[in-house]
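Spelled out, the chains give:
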Amino acid sequence: MPSLRSRIFSLLMRWHFKRRPVEDDDEFVRVARKLMNDPRRIPKRTPQDMTVEEVEEEVGGAVVRGEWVKPSGAGEGKAIIYYHGGGYIGGSPRHYRYTTFHLARLTKTRIFVPFYRLAPEDRFRLAVDDGVAAYRYVLSEFDARDVAFVGDSAGGGLLLATMLTAREEGLELPSAGVCFSPYTDLAVTGASIEANERSCVMFYAETVRRAARLYLGDADPKHRHASPLYGDLAGLPPLQIFASTTETLLDDSTRLIRRAREAGVTVDDQIHKSLPHAWPIFPEYLPDAREALGLAAEFIKGVWAKGVDANVGRAA
């Protein structure tokens, strides 16, 4: 049962955020970025128990930009990469600091949040290239078994696309992946896109389709690096997948859960009732989000404690 705060928050999101997409693509992007890049999502000051370090480095010919979030008392041996959401057209590490600060405290772990190139200025598959470059950057300091991925919405899809690409490029995979309402099917074929259009407090069906088209351009919407739902998931590390029963992207999660399990991947499914899309990213407002981030932290710490070989998906 969603908390009272979550029910109120959902009403406010429906009023403030859920908009019928305009026909003009430039205006669609402008409005979407205004909503997703709301400056109120950026903390006015960095808490005393947290350090933020901005990074710009060249790794293997690619420029990696992002920021490290480090909580007081963090161990030096492990790291999380957080891939932010925003429909591949908005969002930034700064707009996710409430989320990453909270997750860093819970895990007592450093978190790297990469900037990745956004559509429509930079289309598929440049976001994936940036996601992999960020992983290579973190691997220059950490062993893959000591790295976990977390991502929400488009960032959840990017997390999975990065895993698939990393495997194809011969990189060891991270130990675990946590996805909050991942955007995994840019062909937009899930039944929930239409079935949940009224109940979803954030997106109309056409909003989801438009974001996919702006990112993809002329690319195949079922390419595994755009839509990981259609990729070979065998051998991926343990996954934890959150979704709400009322969101338009529900089927992007439920079908991913089914396909991952069929491929032999360990999955902790967290399907919750009547919560907003990607609700764990709002810990500053919602007790439900803080609870979800606590579950994510325990999942990651549990995988690390067991010593999972991410490249075969079983305990080492």
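Everything here concerns the structure above.
Cut-offs and rules
Residues numbered from 1 in each chain as written. Predicted model: local features only at pLDDT ≥ 70, side-chain atom pairs only at ≥ 80, totals over all residues. Heavy atoms only, no water. Helix = DSSP H or I, 4+ residues; strand = E, 2+ residues; numbered from the N terminus. Rg over C-alpha atoms; globule rule 2.2 N^0.38 Å. Buried < 20%, exposed > 50% of the residue type's maximum accessible area, 1.4 Å probe, protein only. Contact = heavy atoms within 4.5 Å. Areas by Shrake-Rupley, 256 points an atom, 1.4 Å probe, with all protein chains shown as cover. Pairing = 2+ DSSP bridges. Salt bridge = Lys/Arg side-chain N within 4 Å of Asp/Glu carboxyl O. Core = buried A, V, L, I, M, F, W, Y, C linked by side-chain atoms within 4.5 Å. Polar contact = N/O pair within 3.5 Å; in protein donor to acceptor, adjacent residues only side chain to side chain.

### Quick word on the overall build of the protein chain
Reasoning step 1: Scanning the protein chain from terminus to terminus reveals nine helices and ten strands.
Reasoning step 2: Radius of gyration (C-alpha) of the protein chain: 18 Å, near the 20 Å computed for a compact globule of 316 residues.
Reasoning step 3: Considering only C-alpha atoms, the protein chain reaches an extent of 45 × 45 × 40 Å along its principal axes.
Reasoning step 4: Counting only residues that meet the buried cut, the protein chain has 58% of its 316 residues in that class.
Reasoning step 5: Pairs at least 24 apart in sequence give 79% of the contacts found in the protein chain among residues at least 6 apart.
Reasoning step 6: Carbon together with sulfur atoms contributes 50% to the accessible area of the protein chain, which is approximately 13100 Å² in total.

### Digging into the pairing of strand β3 (residues 79-83)
Reasoning step 1: Counting buried positions over the five residues of β3 gives five, a clear majority of the element.
Reasoning step 2: Of the two faces of β3, both are covered, the one formed by Ala79, Ile81 and Tyr83 as well as the one formed by Ile80 and Tyr82.
Reasoning step 3: Here β3 pairs with strand β4 (residues 110-114) via three bridges, running parallel. When the bridges of β4 are listed, alanine 79 appears paired with arginine 110.

### Points about unusual backbone geometry
Reasoning step 1: With an omega of 0 degrees, the peptide bond running from alanine 119 to proline 120 counts as cis.
Reasoning step 2: With respect to the helices, strands and loops of the structure, proline 120 is situated in the loop between β4 and α4 (126-139).
Reasoning step 3: Residue arginine 125 is bonded to the preceding phenylalanine 124 through a cis peptide linkage, with omega at 10 degrees.
Reasoning step 4: With respect to the element layout, arginine 125 can be found in the loop between β4 and α4.
Reasoning step 5: For lysine 108, which is not glycine, the phi dihedral falls at a positive 55 degrees.
Reasoning step 6: The exposed category is assigned to lysine 108, whose relative accessible area is 54%.

### Observations regarding the pattern of salt bridges
Reasoning step 1: Counted by the stated rule, this structure contains 23 salt bridges.
Reasoning step 2: Between arginine 94 and glutamate 54 there is a salt bridge, with its nearest N and O atoms 3.4 Å apart. In this pair, arginine 94 sits in the loop between β3 and α3 (97-107) while glutamate 54 sits in strand β1 (residues 50-59), placing the two residues 40 residues apart along the sequence.
Reasoning step 3: The closest approach of N and O atoms between aspartate 185 and arginine 255, which form a salt bridge, is 2.9 Å. Linking aspartate 185 in the loop between β6 (176-180) and α6 (192-195) with arginine 255 in helix α8 (residues 250-262), this pair joins segments that are 70 residues apart in sequence.
Reasoning step 4: Of the residues examined, aspartate 185 reaches a relative accessible area of 1% and is grouped as buried.
Reasoning step 5: Note on arginine 255: relative accessible area 14%, which makes it buried.
Reasoning step 6: Each member of the salt-bridge network shares a partner with another, and the members are Asp25, Glu206, Arg210 and Arg213.

### Some words on the nonpolar core
Reasoning step 1: Residues Tyr82, Tyr88, Tyr135, Val138 and Tyr183 are the most contacted members of the largest nonpolar core, which totals 101 residues.
Reasoning step 2: Ranked by residues supplied to this core, first place goes to helix α9 (residues 287-306) with nine residues.

### Let's talk about the side chain of aspartate 38
Reasoning step 1: With respect to the element layout, aspartate 38 can be found in the loop between α2 (25-36) and β1.
Reasoning step 2: Exposure remark for aspartate 38: the relative accessible area of 13% places this residue in the buried category.
Reasoning step 3: Within the structure, aspartate 38 has its side chain in polar contact with the side chain of arginine 40 (distance 2.8 Å).
Reasoning step 4: Once you skip the residues sitting within four places of it in the chain, aspartate 38 turns out to touch His16, Arg33 and His95.

Fair warning: the whole summary comes from geometry, so function is off the table for now.
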